[in-house]
Amino acid sequence: MLVYSLLGASLLLFLVCLGLIFINNNKHAAALKSRAQQLQEAQHQLSILRSEVAEMRTGMLSIGKRLVAVEQRNQELAQLQDAQKYDDPDAKIYSRAVKMIELGADLEEIIRECELPRAEAELLMSLHHQKGAS
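Note that the structure is predicted; figures quoted are calculated from it, not measured. (Residues numbered from 1 in each chain as written. Predicted model: local features only at pLDDT ≥ 70, side-chain atom pairs only at ≥ 80, totals over all residues. Heavy atoms only, no water.)

Help me understand the overall build of the protein chain, please; the structure alone is not making it clear to me.
When helices and strands are tallied, the protein chain shows 4 helices and 0 strands. In the protein chain, the order of α-helices and β-strands from amino to carboxyl end is α-α-α-α. Here the protein chain holds 134 residues, and the buried ones make up 10% of them. A sequence separation of at least 24 residues applies to 19% of the contacts in the protein chain between residues at least 6 apart. By element, 62% of the accessible surface of the protein chain is carried by carbon and sulfur atoms, the whole surface being about 11700 Å². (Helix = DSSP H or I, 4+ residues; strand = E, 2+ residues; numbered from the N terminus. Buried < 20%, exposed > 50% of the residue type's maximum accessible area, 1.4 Å probe, protein only. Contact = heavy atoms within 4.5 Å. Areas by Shrake-Rupley, 256 points an atom, 1.4 Å probe, with all protein chains shown as cover.)

Before we go on, may I ask you to explain the confidence of the model for the protein chain in this structure?
Detailed conclusions should not be drawn from predicted coordinates in areas where pLDDT is low. Taken residue by residue, the protein chain gives an average pLDDT of 83. The fraction at 70 or more is 89%. Element-level mean pLDDT values for the protein chain span from 81 in helix α2 (residues 89-102) up to 89 in helix α3 (residues 107-114). (pLDDT = per-residue confidence, 0-100.)

Can you walk me through unusual backbone geometry in this structure?
Leave glycine aside and you will find that most residues have negative phi; peptide bonds, for their part, are mostly trans. One non-glycine residue, E115, adopts positive backbone phi at about 55 degrees. Looking at where E115 falls in the secondary structure, it is placed in the loop between α3 and α4 (118-133).

In this structure, what is going on with the UniProt feature "coiled-coil region" (unreviewed entry) in the protein chain? I would like to understand it.
In the UniProt entry, the feature "coiled-coil region" (unreviewed entry) is given for residues 32-59. Between the C-alpha atoms that bound residues 32-59 there is a distance of 40 Å. The span itself is 100% helix and 0% strand. (UniProt positions renumbered as here; feature names shortened; annotations may be inferred.)

Would you explain the nonpolar core in this entry?
Buried together is how nonpolar side chains tend to be arranged in soluble globular proteins. Counting 12 residues, the largest nonpolar core is built from A97, M100, I101, A105, L107, I110, I111, C114, L116, A121, L124 and M125. Contributions of two or more residues to this core are made by α2, α3 and α4. Looking at this core element by element, the count peaks at 4 residues for α3. Residues contacting A121, with those up to four places away along its chain left out, are L107, I110 and I111. (Core = buried A, V, L, I, M, F, W, Y, C linked by side-chain atoms within 4.5 Å.)

Would you explain α3 in this entry?
Since the α-helix turns once every 3.6 residues, residues separated by three or four places project in the same direction. For α3, every residue scored as buried is listed here: L107, I110, I111 and C114. Considered in projection along α3, the buried side chains sweep an arc of 100 degrees and stay on one side of the axis. With its phi angle positive at about 55 degrees, E115 sits one or two positions after the end of α3. (Arc of directions from axis to C-beta.)

In this structure, what is going on with a nonpolar patch on the surface? I would like to understand it.
Where nonpolar side chains cluster on the molecular surface, the patch consists of L12, V16, L20, F22 and I23 and spans about 510 Å² of accessible area. Its place among the elements puts L12 in helix α1 (residues 2-87). For L12, a relative accessible area of 55% gives the class exposed. (Patch = residues over 30% accessible without salt bridge, like charges linked within 9 Å, V, L, I, M, F, W, Y side chains within 5 Å. Salt bridge = Lys/Arg side-chain N within 4 Å of Asp/Glu carboxyl O.)

Where do I start with the pattern of salt bridges in this structure?
When the charged atoms of two side chains with opposite charge come close together, those side chains can pair. Enumeration according to the criterion identifies 3 salt bridges in this entry. Across the pair R73 and E76 runs a salt bridge, and its minimum N-O distance is 3.4 Å. Here E76 and R73 lie together in helix α1, a separation of 3 residues that amounts to about one turn. Classification of R73 as partly exposed rests on a relative accessible area of 44%. The class of E76 is partly exposed, set by a relative accessible area of 41%. Among the ionic pairs, R118 bridges to E108, the shortest N-O distance being 2.6 Å. Taken together, the positions of R118 in helix α4 and E108 in helix α3 put the pair 10 residues apart, joining distant regions of the chain. According to the relative accessible area criterion, R118 is partly exposed, its value standing at 41%.

Given below as structure tokens:
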């Protein structure tokens, strides 16, 4: 009878251990399932972020191309403006007078060489000296 008692107790202990293992496995399975779901959600978010980065990259490339075009147009306009400055005979006279002032010519020399009225020559000299002072 002792043998049957020991055998019964052993069987009961075995069943309890088996039950604990089963419960423990279910907990690990649930945790594993939860982790798998979190991983799937993270991969979905990563996919969305990659898509957004690709869209931003495309937008930035487009903006870069437009910026290059605007800079080129700006250079063209600056060149046209410079060309017009030199095409205008009056502008040539004033440019020459300013150049003479920069080289240190006196008022009478500027009036004589550029054929400017005294008031205009004085104004140019005054503007040049104010520009140099600031």
